[in-house]
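An overview of the molecular structure
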Amino acid sequence: MSAFKIAEAARLLGVSDDTMRRWVDAGVLPTTGSSPAQIPGDALAARAVELARAAADPADRLSSARNRFVGLVTRLQVDGVMAQVDIQAGPHRVVSLMSAEAVRELGLEVGALATAVVKATTVIVETPK
């Protein structure tokens, strides 16, 4: 069975080492009992799935798109006709190129909640109503 040191496990889940230690202390994650402490791979995988469910998609509709990343807008580069929108969704940075008009219509600004929908090579950005 795979096992990961605290720092490795934290990096895989996109949290700090301290958060990982608090989860272990609180019984949220087990350890293998070895020293230094290690988290069993299957428990880490289950926690990763739990955390993925925690970021709820604000869209209240069904969609065929499976690659939806809910996160915060971290950067906007708008010039004339085109714009680049960076969204940080957990450990994932998703970049979308769209029209400047779409940025204005969606009310995108740094810190805004947004969902990046990725299909093939296209990234679509949605915002809650």
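Everything in this summary refers to the structure shown in the same document. (Residues numbered from 1 in each chain as written. Predicted model: local features only at pLDDT ≥ 70, side-chain atom pairs only at ≥ 80, totals over all residues. Heavy atoms only, no water.)

Some details on the pairing of strand β5 (residues 92–99)
Pairing geometry for strand β4 (residues 82–89) and β5, over eight bridges, is antiparallel. By the bridge assignment, Asp86 is partnered in β5 with Val95. The hairpin formed by β4 and β5 contains two residues between the paired strands, and Gly90 there has a positive phi angle of roughly 60°. (Pairing = 2+ DSSP bridges. Helix = DSSP H or I, 4+ residues; strand = E, 2+ residues; numbered from the N terminus.)

Side note on helix α2 (residues 17–25)
Those residues of α2 not exposed but buried are Thr19, Met20 and Trp23. Mapping the buried residues of α2 onto a view down its axis gives an arc of 100°, with all of them on the same face. Along α2, the residues that are exposed and aim more than 90 degrees away from the buried face are Arg22 and Asp25. Positioned one or two residues after α2, Gly27 has a phi angle of 85°, which is positive. (Buried < 20%, exposed > 50% of the residue type's maximum accessible area, 1.4 Å probe, protein only. Arc of directions from axis to C-beta.)

Comments concerning the environment of Ala112
With respect to the secondary-structure elements, Ala112 resides in the loop between α4 (100–106) and β6 (113–119). Expressed as a C-alpha distance, the spacing of Ala112 and Thr127, which sit 15 residues apart in the sequence, is 8.2 Å. Excluding residues that lie within four positions of it along the chain, Ala112 makes contacts with Gly71, Leu72 and Val73. (Contact = heavy atoms within 4.5 Å.)

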